[in-house]
Amino acid sequence: MNLFKRLFFDFDTIADNCTKVMGMNQRNLEYVYPNNPRSAFAYANDKMLTKQSLQAVGLSVPKTFISVRYFYELQRIEPELRQLTGFVIKPASGSGGNGIIVIKGYEDDHWISVSGQLYTLEKIRKHIADIIFGVFSFGLNDCAIIEERIEQHEYITALSPLGLADIRMINYKGKNVKAMLRIATKASDGKANLHQGGIGVAIDLLSGRSFAAQIARENVEVHPDTGISLIDVQIPFFKEILALCEATAQVIPLGYLGIDIALGVDGPVVLEVNARPGIEIQNISDEGLIVPLESVDRDYL
Amino acid sequence: MRKYFLTPSFFYQVTLFTLLSITMILMGYKLFILEYELADLIPTVGYEVEVSMEMNGHGDKLSLSTYLPLTTTHQSISDERNEPDIFATQISIDGPNRIVSWSAPQVKGSHLVRYSYFVQTQHLLYTIDKDIPIADRLPSYLQPYLKAEKGIQVNDPLIASTLQELGVDGSSTVYHALYTIHDHLQNQFENRNFSGFTDALTALKLKEASCNGKSRLFVALTRKLGLPSRLVGGLILTSGSKKTSHQWVEVYIRGHWVPFDTINNHFAELPKNYLRLYYGDKVLFKHSANINFKYLFHITKKLVPRKEMRETMYASPLNAFNMYKIFERIGISQNLLKIILMIPLGALVVVIFRNVIGLETFGTFLPALIATAARETGLWWGLFGFLMIILISALVRKFLDYMQLLHSPKMAIMLTVVVISMMLMTIVAVQSSLFDLAHISLFPIAILAITAERFAIVQEEQGFLRALRISFWTAIVIIAAYVVMSSLFMQSLIIAFPELLLFLIILNLWLGKWVGMRLSEYVRFRKLIFKGSR
């Protein structure tokens, strides 16, 4: 009943609010299709291509140790692999975190993953072979990337001790328009995924301070597992983050994109780029996307 | 200037305009020049009647015959289908009746013959002019309808004395005589639910009878007065299975055979749900002896297009039925074509649910295809089968995933699992006499396998609850698509105006440019939307 009352008495406010919120149809028709040519989607879908493009102009990405695209290359990886103690193996075209193994150490002829599993050389070769054969990427032949394991900045580790947190930036025509920090929880199984109970933290673009946080659309102030406050926290290297995102947008030929940033000890690195960034960030930041996007368009003219 | 012509929005508008013009020209031509009546598109009620006959042969010649209804002003018969088993079929006309007979020289074992037809009926009500006298002389072709027959003892003194008691004779008016006889039989006689043969005199003596006894007595009394009359045998059409047939009478009055039924009190009236099968004092089934003969009528009520619409469409040069003939020549039946024509409509329903309402579904057009397949299983069994198959295959996929197989072989296994679970469900369904569910094997197998794969991925990435929720939404969209696609009005509309398919393209072109928020997004972003309101 209250809902109808509000609809009736505050119709103008509500109608005005509606124009500020971006729906899926509007995102696709007015932002994704006109600004992201289909041919440029590969820059987002193929993580190897993303990395190479960014690296070529000197932007920070996790350092690639080995990339394996063909089966015969599997025989040659052993000496290089033996040198490594901390690394990540991931499919270049995977989605949703499938097929990713994070190795934190080497002991007695096998590697140890962050979840405590032991990997022999054979087991790692088998996993890489699976990636190449497309087990994790819908039957497409894929490339396996073995890259540096980002050591998370201590400030961020304090906020997200249960897994790697990442910063999602929405960038439109080269301008950063919205940012949030995604934090893993016990409920989200160590993944910084909002669908699965991860925390979304809204970050003010000017100051780099967090001002709100949500789990499953409910406002929270502290991390449910650690009790550490999530509000009014300063993100370190924020100026660098903003600059890295703008530079990334210059390199990647997508006009409307989501950029995922991890914050390492030495500064931010680009993890991946998304050509169809989700719209849930509006709920996290408690503000529709249309206002900042239209202001970019006004400046652009 | 030149650049303007090559913009996407220019092509968009030209396409819209062209499609809209073609649709409007074709529809306008049919509506105004060929005079299609839109009112005729609203469907009417009809009945599908199936008679199934079971028998056991012992190696001898076996023959069987029954009456088939004819199209008259009261009833229209169409879509007749004969499933003769091993028998040879012969259909012949005998006076006012149509007889079908099946026979085979050496019949062993149990056999089942089925014959079905579609019936559309009209309510008939006659007004009898109160002044018409009973005619003295009748043309010779009506003479047989005055004679005594076995069981209709016109000349028995009891008949004459009964008429005397009722106070009617040859000088009465037709109306008065019939009214008196009808009233007497309706109100002074007990209705008996007895299936055996009762002759006119027995009925008269007992003052009670079933339909055949009352009808013979009615015929005997009217014939004695000089009114030509006859028995009519038929069925009362109600949904369900039955063995009981019905008899009533018709009296010839000034060029019309006027119906009377003294069991259910219909005076000069034939209700909409009466089906005439034969005229005269006949037995509905004749068959060789000792064959353990059993029969059953199965009647299903159905909505069907009006006859008028079919006639208009036959007459028009742009008629859709011609189109059907073309397809029939290459082996695509009318029914299949009707289903194919409804798929675009189902797809539009899906588009509306996804892009306007914002329900996430598995597969873009899976709901429309499942809804199509559910025509055979019925909606609820279709949904049940769909969910079962998805759950079983998703479980299997989880197991396959654990073993880490390559994509294509994994999908081939999923496909096989879908086929196996369909087969198992069909067998279980047939064993437990759920014949509708047995049609589950008509489901689109490859699409189901892909859906199961999607289910498993969603379950893995977003949790089991979310996968279940999307299945639930998919089920809702299937229901909606089913309701729209099986709507007879929509079917008639598209059959009459196939150019509406172009209009569906127009709607999709429009929806393809629609940037409004989806209904579900109003809920999702409610906090933002109600911000600052009190």
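A quick note: this is a predicted structure, and the numbers were derived from the prediction, not measured.

(A) Just the overall build of chain B, in detail. Helix and strand counts for chain B stand at 19 helices and 16 strands. In summary, chain B has a C-alpha radius of gyration of 32 Å against a globular reference of 24 Å for 534 residues, an excess of more than 25%. Along the first, second and third principal axes, the C-alpha set of chain B runs to 95 × 65 × 60 Å. The proportion of buried residues among the 534 residues of chain B is 32%.

(B) The arrangement of the domain arrangement of chain A in detail. Residues and elements named next belong to chain A. Splitting chain A by domain gives domain 1 (11-58 + 152-300) and domain 2 (64-148). On a C-alpha basis, the centres of domain 1 and domain 2 stand 27 Å from each other. Each partner contributes to the interface: domain 1 provides 6 residues, whereas domain 2 provides 7 residues. Among the elements that make up the side of domain 1 that touches domain 2, the one with the highest residue count is helix H5 (residues 47-56) (3 residues). Each residue belonging to the side of domain 1 that touches domain 2 can be placed in one class, and the counts come to 1 nonpolar, 1 polar and 4 charged.

(C) Structural context of the sheet that holds strand S3 (residues 101-107) of chain A. All names here are of chain A. Read from one edge of the open sheet, 6 strands run S1-S6-S2-S3-S4-S5, paired in antiparallel fashion. The open sheet has two edge strands, strand S1 (64-68) and strand S5 (118-119), and neither has a second partner. Sheet analysis places strand S4 (residues 110-113) next to S5, joined by 2 bridges and oriented antiparallel. Looking at the pairing, isoleucine 112 lines up with leucine 118 of S5.

(D) Summary view of unusual backbone geometry. Residue and element names in this part refer to chain B. Residues other than glycine seldom take positive phi values, yet asparagine 290 does so here, at roughly 55 degrees. Turning to its location among the elements, asparagine 290 is positioned in the loop between strand S15 (285-287) and strand S16 (294-304). In this structure asparagine 290 comes out as exposed when scored by C-beta crowding, with 12 C-beta atoms within 10 Å. Its identity is not glycine, yet asparagine 292 carries a phi of approximately 55 degrees, on the positive side. Turning to its location among the elements, asparagine 292 is positioned in the loop between S15 and S16.

(E) Expanded view of the packing of helix H3 (residues 157-166) of chain B against helix H6 (residues 211-225) of chain B. Residue and element names in this part refer to chain B. As a packed pair, H3 and H6 sit with axes 10 Å apart at the nearest point and diverge in direction by 80 degrees. On the basis of their axis angle, the class for H3 and H6 is roughly perpendicular. From H3, Ile159, Ala160, Thr162 and Leu163 reach across to H6, where they touch Ala220, Leu221, Lys224 and Leu225. Here the contact of H3 with H6 is composed, by residue class, of 6 nonpolar, 1 polar and 1 charged.

(F) Focus on the interface of chain A and chain B. Chain A puts 26 residues into the contact, and the matching count from chain B is 24 residues. Mapped onto the side of chain A that touches chain B, the elements with two or more residues apiece are helix H2 (11-20), helix H3 (24-35) and helix H10 (281-285) of chain A. Take the side of chain A that touches chain B: its biggest share by element is 5 residues, from H3(A). Tallied by class, the residues present in the side of chain A that touches chain B amount to 8 nonpolar, 13 polar and 5 charged.

(G) Geometry of the sheet that holds strand S10 (residues 210-215) of chain A. Residues and elements named next belong to chain A. Across the sheet, 7 strands lie side by side as S11-S10-S9-S8-S7-S12-S13; this open sheet has antiparallel pairing. Two strands bound the open sheet, and with one partner strand each, they are strand S11 (218-219) and strand S13 (267-274). Summarising the sheet, strand S9 (residues 199-203) and S10 pair through 5 bridges and their orientation is antiparallel. Within the sheet, the bridge partner assigned to alanine 202 lies in S10 and is alanine 212.

(H) Fine view of the pairing of strand S12 (residues 256-264) of chain A. Residue and element names in this part refer to chain A. Counting buried residues in S12 gives 7 out of 9 residues, a clear majority hidden from the surface. Judged from the 6 bridges that link them, strand S7 (residues 166-172) and S12 form a sheet pairing that is antiparallel. Residue pairing in the sheet places asparagine 171 in a bridge with leucine 257 of S12. Note that S12 and S13 share 7 bridges and pair antiparallel. Across the sheet, leucine 263 pairs through a bridge with proline 268, a residue of S13.

(I) Inspection of the environment of Glu376(B) at higher detail. All names here are of chain B. Relative to the helices and strands, glutamate 376 is located in helix H10 (residues 366-377). Taking the number of C-beta atoms within 10 Å as the measure of exposure, glutamate 376 has 16 and is therefore partly exposed. Taking the C-alpha atoms as reference points, glutamate 376 and glutamate 269, separated by 107 residues in sequence, lie 38 Å from one another. Discounting residues that sit within four places of it in the chain, glutamate 376 has contacts with His439 and Leu442.

(J) Local environment of the nonpolar core. Among the nonpolar cores identified, the biggest contains 58 residues, and Val201(A), Leu257(A) and Ile261(A) are the most heavily contacted of them. With residues up to four places along the chain from it excluded, the contact list for Val201(A) reads Met180(A), Leu181(A), Ile183(A), Ser210(A), Ala213(A) and Leu230(A). Leu369(B), Met411(B), Phe443(B) and Trp473(B) belong to the second largest nonpolar core, which has 51 residues in total.

(K) Quick look at the pairing of strand S3 (residues 88-94) of chain B. All names here are of chain B. Little of S3 is tucked away, with 0 of its 7 residues classed as buried. Two strands pair when backbone bridges link them, and S3 and strand S4 (residues 97-121) are joined in this way by 7 bridges, in the antiparallel orientation. Residue pairing for S4: isoleucine 93 is matched across the bridge by arginine 98. Connecting the antiparallel pair S3 and S4 is a turn made up of 2 residues, with glycine 95 showing a positive phi of about 60 degrees.

Definitions and limits used
Residues numbered from 1 in each chain as written. Chains lettered and ligands numbered in written order. Predicted model: local features only at pLDDT ≥ 70, side-chain atom pairs only at ≥ 80, totals over all residues. Helix = DSSP H or I, 4+ residues; strand = E, 2+ residues; numbered from the N terminus. Rg over C-alpha atoms; globule rule 2.2 N^0.38 Å. Buried ≥ 20, exposed ≤ 12 C-beta atoms within 10 Å, placed from the backbone. Domains from an automatic or database assignment. Contact = placed C-beta atoms within 7 Å. Nonpolar A, V, L, I, M, F, W, Y, C, P; charged D, E, K, R; others polar. Pairing = 2+ DSSP bridges. Axes fitted to C-alpha atoms, helices over the stretch in contact; angles between N-to-C directions. Parallel < 35°, antiparallel > 145°, perpendicular 65-115°, else oblique. Core = buried A, V, L, I, M, F, W, Y, C linked by C-beta atoms within 7 Å.

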